[in-house]
Amino acid sequence: MDIQFDLLENLIKSPSKDFLNQTIFEAFNHSRDLKPSKNFLEQLSQHLEIDIDSSEKLISELGKLISRLIFENQTNLQQIQNALASSSLQSNLKNLLGKILAERLPQFRNKLMKDEEMMPKLLDFKCRVDIKMDSNMTDSEAKSGQQTCLLNLKIQEPKNCINDEPKIENLNLELSKQTLNTIINGLNKIKDQLNSIATSQ
């Protein structure tokens, strides 16, 4: 994941630590597909003396940085400073950014673990077995056919904006017996692991 640190260099113009903190929070939300408000983007453009398009790109790049640090579990000050060491950012910006990120990243990580709105939700499902016929089959093969599972999933997609209504999608899948067995075996392994964790606690 390449990050355009030249865009982040504009953060040196932030009028205060609180404003930089707010920018980091907006970037975290952007990484979760929650777009910053038009009002905030206008403030960011004004303070950093860049246009709206550059402001949006800056928020996006900062969101990428936050996502990478959380994904790689680099959330303490030393780890963050090491991650920023090779960047083109000025040293004072590296230090300030590192300190704020060290304060916020554990909070962001915990929120990601608890926040169900960032993930699609399974609302309902329907399935039925179908026999798939092939014109090239022999008479004996045609009698048995190829059994498949037709699965319909009703899914609630995560919000794109905080005030958006959740979007409902219907996903249709056709699964062979072999694929279905693989999925069931995988789910049983996950179930066993969850039971093992619950027992050990």
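Residues numbered from 1 in each chain as written. Predicted model: local features only at pLDDT ≥ 70, side-chain atom pairs only at ≥ 80, totals over all residues. Heavy atoms only, no water.

Student: Please clarify how the overall build of the protein should be interpreted in this entry.
Tutor: When helices and strands are counted, the protein shows eight helices and three strands. Starting at the N terminus, the α and β elements of the protein follow one another as α-α-α-α-α-α-β-α-β-β-α. Taking all 201 residues of the protein together, the buried fraction comes to 29%. In the protein, the share of contacts with a sequence separation of at least 24, taken over all contacts with a separation of at least 6, comes to 62%. Only carbon and sulfur atoms are counted for the fraction: they give 49% of the accessible area of the protein, which is about 13300 Å². (Helix = DSSP H or I, 4+ residues; strand = E, 2+ residues; numbered from the N terminus. Buried < 20%, exposed > 50% of the residue type's maximum accessible area, 1.4 Å probe, protein only. Contact = heavy atoms within 4.5 Å. Areas by Shrake-Rupley, 256 points an atom, 1.4 Å probe, with all protein chains shown as cover.)

Student: Teacher, can you tell me more about the nonpolar core here?
Tutor: Nonpolar side chains in soluble globular proteins tend to end up buried together. Residues L8, L11, I24, L65, I66 and L101 are the most contacted members of the largest nonpolar core, which totals 31 residues. Every element with two or more residues in this core is listed here: α1 (5-8), α2 (17-31), α3 (38-48), α4 (52-71), α5 (77-84) and α6 (91-114). Counting residues per element, this core draws most heavily on α4, at seven residues. Membership of the second largest hydrophobic core comes to five residues, among which are C149, L153, I155 and L175. (Core = buried A, V, L, I, M, F, W, Y, C linked by side-chain atoms within 4.5 Å.)

Student: Looking at this structure, I do not really get the state of the cysteines. What am I missing?
Tutor: A disulfide bridge is the covalent bond that connects two cysteines by way of their sulfur atoms. Under the definition given, this model contains zero disulfides. Counting only cysteine sulfurs, C149 is the nearest neighbor of C127, a cysteine outside any disulfide, at a range of 4.9 Å. Judged by its relative accessible area of 11%, C149 is buried. (Disulfide = S-S within 2.5 Å.)

Student: Help me understand the layout of surface pockets, please; the structure alone is not making it clear to me.
Tutor: Take a probe with the size of a water molecule and roll it over the atoms, and the empty space left behind shows itself. In this model, the largest pocket occupies a volume close to 180 Å³. Of all the secondary structure elements, the ones that give two or more residues to the lining of the largest pocket are β2 (146-157), β3 (167-176) and α8 (177-200). Considering every element that reaches the lining of the largest pocket, the biggest residue donor is α8, with four residues. Each residue belonging to the lining of the largest pocket can be placed in one class, and the counts come to eight nonpolar, no polar and no charged. (1 Å grid on protein atoms, 1.4 Å probe; cavity = no way out; pocket = protein on both sides within 12 Å on 5 of 7 lines; lining within 4 Å. Points joined across faces, edges and corners; volume = space filled by probe spheres on them. Nonpolar A, V, L, I, M, F, W, Y, C, P; charged D, E, K, R; others polar.)

Student: What is the right way to read the packing of aromatic side chains from this model?
Tutor: Under the criterion given, the structure shown has two aromatic pairs. Considering the side-chain rings of F19 and F40, the 5.8 Å spacing of their centres and the 25 degrees angle between planes classify their relative orientation as stacked. With F19 in helix α2 and F40 in helix α3, this residue pair connects regions lying 21 residues apart in the sequence. A relative accessible area of 9% places F19 in the buried class. By relative accessible area, F40 is classed as buried at 5%. (Phe/Tyr/Trp six-rings, centres within 6.5 Å; stacked < 30°, edge-to-face > 60°.)

Student: In this structure, what is going on with the pattern of salt bridges? I would like to understand it.
Tutor: Where side chains of opposite charge bring their charged atoms close, a pairing between them can arise. Applying the stated criterion across every chain yields a total of four salt bridges. Linking K57 and D53 is a salt bridge whose minimum nitrogen-to-oxygen distance equals 3.3 Å. Within this pair, K57 and its partner D53 are both found in helix α4, separated by four residues, close to a single helical turn. D53 gets classed as partly exposed once you look at its relative accessible area, which sits at 41%. Note that R128 is salt-bridged to D130, the shortest N-O span being 4.0 Å. (Salt bridge = Lys/Arg side-chain N within 4 Å of Asp/Glu carboxyl O.)

Student: In this structure, what is going on with the packing of α2 against α4? I would like to understand it.
Tutor: Two measures define how a pair of helices packs: the angle their axes make with one another and the distance between the axes. Two elements in contact, α2 and α4, have axes whose closest approach is 8 Å; the angle formed by their N-to-C orientations is 80 degrees. For the element pair α2 / α4, the angle class is roughly perpendicular. Where α2 abuts α4, its residues T23, I24, E26, A27, F28, H30 and S31 lie against L58, I59, S60, L62, G63, I66 and S67. In terms of residue class, the contact of α2 with α4 is built from seven nonpolar, six polar and one charged. (Axes fitted to C-alpha atoms, helices over the stretch in contact; angles between N-to-C directions. Parallel < 35°, antiparallel > 145°, perpendicular 65-115°, else oblique.)

Student: It is not clear to me how α4 should be interpreted in this structure. Could you clarify?
Tutor: Each α-helix winds once per 3.6 residues, and so residues spaced three or four apart point in a common direction. Given a rise of 1.5 Å per residue, 20 residues ought to cover 28 Å, and the 28 Å separating the end C-alpha atoms of α4 matches this to within 8%. Residues of α4 that are buried include every one of S55, L58, I59, E61, L62, G63, L65, I66, L69 and I70, and no others. Capping of α4 at its N-terminal end is provided by D51; its side-chain oxygen lies 3.3 Å from the backbone amide nitrogen of D53. Of the residues one or two after α4, N73 is the one with positive phi, at around 55 degrees. (Expected span 1.5 Å × (residues − 1). Polar contact = N/O pair within 3.5 Å; in protein donor to acceptor, adjacent residues only side chain to side chain.)

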